[in-house]
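Observations on the three-dimensional arrangement
If you want the building blocks of each chain, they are given just below.
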Amino acid sequence: MGYLDQRDLERYLENLERCDGRVHVLMFRLRSEDRDEGCDVEYTRNVNEVLLQMQKRRYEILDIKFHSTMRPDERKDQIYTLITYRSPMADVDVEPNLDMNNGKATLFEKSTSSSVSTSGQWKCSACGAMNSSSRKSCLKCGAMK
């Protein structure tokens, strides 16, 4: 993989937040020796591999930013890449619930098992997954409600 070896890729993927449906970031650094005008092929391949592996794991890529710094003594660029992503939802949705008695926000879990019929959910006709009623599309397959 050029500047990004398999061990580094696995380490990056191990540090992804797991299944909470929230927005997170992943930052990593790569070296580039490509001083030519145009496309940095190795950097592009490396970032594409990280993105591909994230998407295979159902992470939604929201934004990618980078910052390049040059070390004159090494004639290499250090490229810092920041990927903003949303992690996939777990099998159990955690939704905020405002306790009106004391004004504190608490969390409660709603089952998404297809065998349990719970108000506030809908079953996707395409894949059978249970979804929160506030969702307009299926979290698992993207089919519309």
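A brief report on the enclosed structure follows. Being a predicted model, the structure only gives us computed values, none of them experimental.

Relative to the helices and strands, M89 resides in the loop between β3 (76–86) and β4 (92–98). M89 sits 30 residues away from Y59 along the chain, and the two C-alpha atoms are 9.4 Å apart. Those residues in contact with M89 that lie beyond four places of it in its chain are C19, D20, G21, R58 and L139.

With that settled, the discussion passes to helix α1 (residues 6–14). Along α1, the residues classified as buried are D8, L9, Y12 and L13. Projection of α1 onto a plane perpendicular to its axis shows the buried side chains occupying an angular sector of 135 degrees, all on one side. Facing away from the buried side of α1 by more than 90 degrees, the exposed set consists of R7 and E14. Buried residues in α1 make contact with β1 (23–32) and α2 (41–56).

The next subject is the nonpolar core. Within the largest apolar cluster, 17 residues are counted, with the highest numbers of intra-cluster contacts made by Y12, L16, L26, F28, L30, V50 and M54. At the level of secondary structure, the elements contributing two or more residues to this core comprise α1, β1, α2 and β3. In terms of residues, this core owes the most to one element, α2, which gives five residues.

Locating D40 in the fold gives a position in the loop between β1 and α2. In this structure D40 comes out as buried when scored by relative accessible area, which is 16%. At 3.2 Å, the side chain of D40 and the backbone nitrogen of Y43 are in polar contact.

With respect to the helices and strands, L13 occurs in helix α1. When its relative accessible area of 7% is taken as the criterion, L13 is described as buried. Through-space distance from the C-alpha of L13 to that of Q53 is 7.8 Å; in sequence the pair is 40 residues apart. Excluding anything up to four places from it in sequence, L13 contacts R18, Q53, M54 and R57.

Notably, C19 is not glycine yet its phi reads approximately 40 degrees, a positive angle. Looking at the element boundaries, C19 is found in the loop between α1 and β1. Of note, the phi angle at R58 is positive, near 75 degrees, even though the residue is not glycine.

Here we come to the packing of aromatic side chains. As enumerated under the stated definition, the model contains two aromatic pairs in all. With centroids separated by 4.9 Å and ring planes inclined at 25 degrees, the aromatic side chains of Y12 and F28 adopt a geometry described as stacked. One end of the pair, Y12, is in helix α1; the other, F28, is in strand β1, and 16 residues separate them in sequence. The exposure class of F28 is buried, given its relative accessible area of 3%.

Below, the discussion takes up the pattern of salt bridges. Counted according to the given criterion, the structure contains five salt bridges. With its nearest N and O atoms 3.5 Å apart, the salt bridge here joins K65 to D63. Look at D63 and you get partly exposed, because its relative accessible area is 30%.

The subject of this paragraph is the pairing of β1. Burial along β1 is one-sided: H24, L26, F28, L30 and S32 are buried, while V23, V25, M27, R29 and R31, pointing the other way, are not. In terms of strand pairing, β1 meets β3 through 10 bridges, oriented antiparallel. In the sheet register, M27 faces β3, and the bridge partner there is L82.

Definitions and limits used
- Residues numbered from 1 in each chain as written.
- Predicted model: local features only at pLDDT ≥ 70, side-chain atom pairs only at ≥ 80, totals over all residues.
- Heavy atoms only, no water.
- Helix = DSSP H or I, 4+ residues; strand = E, 2+ residues; numbered from the N terminus.
- Contact = heavy atoms within 4.5 Å.
- Buried < 20%, exposed > 50% of the residue type's maximum accessible area, 1.4 Å probe, protein only.
- Arc of directions from axis to C-beta.
- Core = buried A, V, L, I, M, F, W, Y, C linked by side-chain atoms within 4.5 Å.
- Polar contact = N/O pair within 3.5 Å; in protein donor to acceptor, adjacent residues only side chain to side chain.
- Phe/Tyr/Trp six-rings, centres within 6.5 Å; stacked < 30°, edge-to-face > 60°.
- Salt bridge = Lys/Arg side-chain N within 4 Å of Asp/Glu carboxyl O.
- Pairing = 2+ DSSP bridges.

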